[in-house]
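For reference, the chains in residue letters:
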Amino acid sequence: MLVTKQQLKRLYYQKKIEEDEKLRKRLDSHLFYFAEYVESIRNGFFTRDKPHLIILSMLFDLIDEDIIWKMTASMPPRAGKSYSASLAILQQICKHPERSNMRNSYSADLAVKILSFFVRESLKDERLYYLYNVRLNRNAQSKEKWMLEGSNRPVYSASGVGGTSSGIGVDNYLVLDDEYSGISDALSMAIRRQTDNWVSSVHLARLEKGGKELYLCTRWIKNDHIGQVKKYDKTYDVDIEKYYSMLLNCGEITDDKFELVYQELKKDIVANVDDDTFVTYTVPAIITVDGEEMSFSPSQFSLDYYINKRESYKRRGQQWIWEAVFMQNPANNDSKIFTKLNRFTKSQINGIIRGEEYYVVSYIDPAFEKGGNKLAMPIAIYIDDKFYIIDVEYSNAGVEFTIPEITEKLNKHNVSYIEYEMNNGGEKISLKIEKRMNEKGYELPVFKGVNNRKDKVVRIALSFGDIAEKCYFLQEDEYPSKQYRDYVKEILTVNLNLDQDYDDGIDATAGLVTMKISSAKNSSF
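Residues numbered from 1 in each chain as written. Predicted model: local features only at pLDDT ≥ 70, side-chain atom pairs only at ≥ 80, totals over all residues. Heavy atoms only, no water.

### Remarks on the overall build of the chain
Tallying secondary structure elements over the chain gives 20 helices and 18 strands in all. Taking 525 residues into account, the globule formula puts the C-alpha radius of gyration at 24 Å, and the chain, at 30 Å, lies well above it. The C-alpha extent of the chain, read off along each of the three principal axes, is 120 × 50 × 40 Å. Sequence-distant contacts, at least 24 apart, represent 73% of the contacts inside the chain between residues at least 6 apart. Total accessible area computed for the chain in this model is approximately 24300 Å², and 47% of it derives from carbon and sulfur atoms. (Helix = DSSP H or I, 4+ residues; strand = E, 2+ residues; numbered from the N terminus. Rg over C-alpha atoms; globule rule 2.2 N^0.38 Å. Contact = heavy atoms within 4.5 Å. Areas by Shrake-Rupley, 256 points an atom, 1.4 Å probe, with all protein chains shown as cover.)

Structural data, given as structure tokens:
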């Protein structure tokens, strides 16, 4: 029986339709398969040697199945969480073009120019158009929000913290992707308050029936939004070690093995999670699997890389940053920063400076009123990029008492260079000191005013590592005064909240370690 050209054409298209339907069914079944397909024309990041991404993709599958309604995911920097979210939203747009998604971040530049742009440009892939019949609406393609052809509402919208999204409802994925740009934002009380208010009054107000509430971030502080979820909401922690073990013991991760792990995860989630439960997925940089430490993603970062990074943070007194940013386990804000300080004796410093070039420097954090904030002025020998703090003025007795004491201490130690905070009357105090020293006939040091525009908490917190590494304090039995004792006591009580009785000593010490020493003159001790 002869087959006509028309019949052959019909058979070809029928087979093509069947193949496309089979491919689409596969891509719809798991985000990981969808990601592999999208990446097949370029170097793929979503590869089967990254267990943390495989597990995250499975969690997105369970969100798509309406088994998970709320989720948090935190990972170290460069782990791929935002990229995974982009692919998850891209898949959702292909599968459910009638639904609306929103992803917000700490800045409009990130949310709009990078994250939204990636998803929008990916939709231009002709392969996705032929498989899913989705195409961008040419008349509604702003970066902030865009539509598909035939739609009358945005399929994707985005903004930064503080932005507006009025009139836009979200009945699919509502994502907060990194609420803070870094440690400076996270430690700033003003930025935290602004972010919290915006999330509750604007971001979450967009959620409609059917919407999923998702938080993705690298953690910096305990009371970020993931921390708030852990504190106030019902949560279920994904047993990451269990699923890592299953994946690593699979050998080559075939589709059958992938499905086996997925079904186990699904069974655990179904047994422990309801619609009001936040599933929390936490990926530390170093994870213990079957009793062995390993990098969370060996194909990206070696275990040695993270061990060296951990030791580096520890040496600099920044263990709290390692625990928060890399281990996703931020310390309580009331945890003490300094458990011990570098110490020295007078005899040791005499030996260190003998025959060497050094400077005697000081930093003034001013205070005027009696009984208020303390005027803090550590005096240090600076040598080999270390500050040996030999004396201090630390008092709230008022300038009529502190100026004479300061003058004598500066002269006694032959201080050659002083920086002072110009805020809070620092310039007036420096002029009073100069006047008094002139009256006494003492040699004047170089004075330099500094404008501190950074948030005080941020400025101090960013100096913790330098203080721990570069500052040395006298042994307790050699403290020159009660003021010195009180000053060291304040340093040892400092926490991230900076809510101790006084923070003037740590503020002045932060100023000391960030001084520009080049203007100092050689001194003798």
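Having seen the structure, we can now continue with the description.
### What about a negative patch on the surface?
Taken together, the side chains of Asp239, Glu241, Asp290 and Glu292 make up a negatively charged region of the molecular surface. With respect to the helices and strands, the residue Asp290 is situated in the loop between β10 (286–289) and β11 (292–295). For Asp290, a relative accessible area of 56% corresponds to the exposed category. (Patch = residues over 30% accessible without salt bridge, like charges linked within 9 Å, V, L, I, M, F, W, Y side chains within 5 Å. Salt bridge = Lys/Arg side-chain N within 4 Å of Asp/Glu carboxyl O. Lys, Arg positive; Asp, Glu negative; His and termini not counted. Charge placed at Lys NZ, Arg CZ, Asp CG, Glu CD. Buried < 20%, exposed > 50% of the residue type's maximum accessible area, 1.4 Å probe, protein only.)

### Considering the sheet that holds strand β15 (residues 386–395)
If you trace the seven strands from one edge of the open sheet to the other, you get β12-β18-β15-β14-β13-β16-β17, paired in mixed fashion. Both edges of this open sheet fall to β12 (342–344) and β17 (446–450), since each of them pairs with a single strand only. Within this sheet the neighbouring strands show an average axis-to-axis angle of 30°, counted without direction. Where strand β14 (residues 375–383) and β15 come together, nine bridges link them in antiparallel fashion. From the neighbouring strand, Ala380 faces β15, where its bridge partner is Ile389. (Pairing = 2+ DSSP bridges. Axes fitted to C-alpha atoms, helices over the stretch in contact; angles between N-to-C directions.)

### Details of the sheet that holds strand β8 (residues 235–237)
Ordered by their spatial adjacency, nine strands build an open sheet running β3-β4-β5-β2-β6-β7-β1-β9-β8, and the pairing between neighbours is mixed. The outermost strands of the open sheet, each flanked by one partner alone, are β3 (136–141) and β8. With strand direction ignored, the average angle separating the axes of adjacent strands in the sheet is 20°. Two elements, strand β2 (residues 101–105) and strand β6 (residues 173–177), share three bridges in a ladder whose sense is parallel. By the bridge assignment, Arg103 is partnered in β6 with Val175. Contacts from helix α3 (residues 51–64) reach β1 (70–74), β6, β7 (212–217) and β9 (278–282), with the element oriented near 170° to β9.

### Section: the pairing of strand β5 (residues 156–160)
Of all five residues in β5, five are buried; the element is thus mostly enclosed. Of the two faces of β5, the one lined by Tyr156, Ala158 and Gly160 and the one lined by Ser157 and Ser159 are each fully buried. For β2 and β5, the ladder comprises five bridges, and the chain directions are parallel. Counterpart to Asn104 in the pairing with β5 is Ser159. The sheet contact formed by strand β4 (residues 145–148) and β5 spans two bridges and is antiparallel.

### With respect to the pattern of salt bridges
Applying the stated criterion to the full structure yields 33 salt bridges. The shortest N-O distance in the salt bridge between Asp125 and Arg127 comes to 2.8 Å. Asp274 is paired through a salt bridge with Lys234; the nearest N and O atoms lie 2.5 Å apart. Taken together, the positions of Asp274 in the loop between α11 (255–272) and β9 and Lys234 in the loop between α9 (225–232) and β8 put the pair 40 residues apart, joining distant regions of the chain. The exposure class of Asp274 is partly exposed, given its relative accessible area of 33%. Residue classification places Lys234 among the partly exposed positions, given a relative accessible area of 46%.

### Quick look at α9
Among the residues of α9, His225, Ile226, Gly227 and Val229 are the ones counted as buried. The inward-facing, buried residues of α9 abut β1, β6, α8 (189–203), β7, β8 and β9.

### Quick look at the environment of Ser29
You can see Ser29 is positioned in helix α1 (residues 5–29). What makes Ser29 partly exposed here is its relative accessible area of 34%. Within polar-contact distance, the side chain of Ser29 engages the backbone oxygen of Arg26 at 2.6 Å. (Polar contact = N/O pair within 3.5 Å; in protein donor to acceptor, adjacent residues only side chain to side chain.)

### What to know about helix α20 (residues 504–513)
Owing to its 3.6 residues per turn, the α-helix brings residues three or four apart onto one side. Most of α20 sits inside the fold, with ten of its ten residues counted as buried. For α20, the complete set of buried residues consists of Asp504, Gly505, Ile506, Asp507, Ala508, Thr509, Ala510, Gly511, Leu512 and Val513.

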